[in-house]
Structure formats: C-alpha cells, structure tokens
Amino acid sequence: SLKHMPHSVELFLDQVHSGLWDGTYFVRNAPHILQATPKVDLSSPTISDVDQPEDSFLDPYQRFQDADLNHVRFQEYHHHHPHDKWTVGFAGQPGGPSFYINKEDNTEVHGPKGPSNERGRWDDAEPCFARVVDGFEAVRWMAAMPVNRSNKEGADRMWRYLKIKKVRILNDDKDW
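Basis of the calculations
- Residues numbered from 1 in each chain as written.
- Predicted model: local features only at pLDDT ≥ 70, side-chain atom pairs only at ≥ 80, totals over all residues.
- Heavy atoms only, no water.
- Phe/Tyr/Trp six-rings, centres within 6.5 Å; stacked < 30°, edge-to-face > 60°.
- Helix = DSSP H or I, 4+ residues; strand = E, 2+ residues; numbered from the N terminus.
- Lys NZ or Arg CZ within 6 Å of the ring centre and 35° of its normal.
- Pairing = 2+ DSSP bridges.
- Axes fitted to C-alpha atoms, helices over the stretch in contact; angles between N-to-C directions.
- Contact = heavy atoms within 4.5 Å.

**Q** What exactly am I supposed to notice about the packing of aromatic side chains here?
**A** How two aromatic rings sit relative to each other is set out by the distance from centre to centre and by the angle between their planes. Scanning the model with the defined rule gives 9 aromatic pairs in all. On the basis of an interplanar angle of 40° and a centroid distance of 5.2 Å, the ring pair of F12 and F129 is categorised as tilted. Within this pair, whereas F12 is found in helix α1 (residues 6-17), its partner F129 is found in strand β5 (residues 128-131), the two being separated by 117 residues in sequence. In textbook terms, an aromatic cluster arises when at least three aromatic residues are bridged by ring pairs, as seen for F12, W21, F26, F64, F90, F99 and F129. It is K39 that lies over the ring of Y61; its NZ or CZ is 4.8 Å from the centre.

Okay, here's the thing in structure tokens:
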C-alpha cells in the first residue's frame, strides 16, 4: 500500500506510467515465485523471432536505466506487507527492476529473516508492495508453464518466456 510502502509503490507506478514493462517477459517459474524481468538474453532459444522486440526495445533494461527507474533507492519493508501468497515484490538488493509474484508464503525467504539477510533487519528484506486481486486464472496458467531443467540460465527458467505486451494502470472509477 502507498501508506506503508510509498517508495516501492511509486517506483512501480512510475515504471508502468513510463511504459517500461511493455515488451518485457516473465522468465522464471520457480516453485515459490513467477518472475518478470527486462534483463533478457535476446539470443535465448526461449524467444522466437516473432517475439523479438521492436528496435526501440532492443535493450529493455537500458530503458529502465535511462529513466533512472531501475531499482529502489533503499530496501523498503513493512510488517503489514509480508510476502504472502499472491503478493508482488521487487527482486534483489537493491530491489528491482525485476519483480515477482509469490506463489506461496515467502515471508521467511524474502522477508527480514530470509537466508540472504544475515542480520535479520527489515531494511535488508525485499520490498513487497502489491497484491494480485484479479486474474488468478492467468497467474495459475503461468505457474503451470513447464521449465527447462537443463537451461544454463537456471533450472527454473520457462521453456518459453511469456511476453508482457502492455502494462497499464486501471482506475477504479472507470469501467475496464
């Protein structure tokens, strides 16, 4: 929520408003998360010629860097927003731009007591800033996608990356 996670929420909304997530991919289907990222190897066999981005999207991550929206400025965490099932968090430290959807409760993994957080501090936890509230059928469909166990990029990489065509902000006051 904006009240408890203002920096992370604002960063994600700025990324969406700037069109930075358009043309990126969901690439990871780990047992605990689905991960989207602009950091994609365009020569990967999981991306076909049809999926190749337009010239303006040749380096999606560079667009995030150019807009200065490639990561949070500080690790933000609030105990009111743990990494419960179907919540959304920024990956890494510093978090972003990659984000993930938690497929299970990952509070122990990505929260203040996670394995990469030796000090157990809230400012070392990954930001959890949103919750999936609709479209569960699509999320479950993505979670059922097969992974390439022999992939050099990681055993939880999807056989075929799922392209994010367009991300937009929906206004509750409008009919969508």
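Having seen the structure, we can now continue with the description.
**Q** What's the story with the sheet that holds strand β3 (residues 87-90) in this structure? I'm lost.
**A** Read across the open sheet, the 6 strands follow the order β5-β3-β4-β2-β1-β6; overall the sheet is antiparallel. Of all strands in the sheet, those bounded by a partner on one side alone are β5 and β6 (157-164). On average, adjacent strands in this sheet sit at an angle of 25° to one another, irrespective of strand direction. Direction of pairing for strand β1 (residues 24-29) relative to β6: antiparallel, over a ladder of 4 bridges. Following the sheet pairing, Y25 is matched in β6 by K163. Where α1 meets the sheet, its contacts fall on β3, β4 (99-102) and β5, and the angle it forms with β3 comes to roughly 85°.

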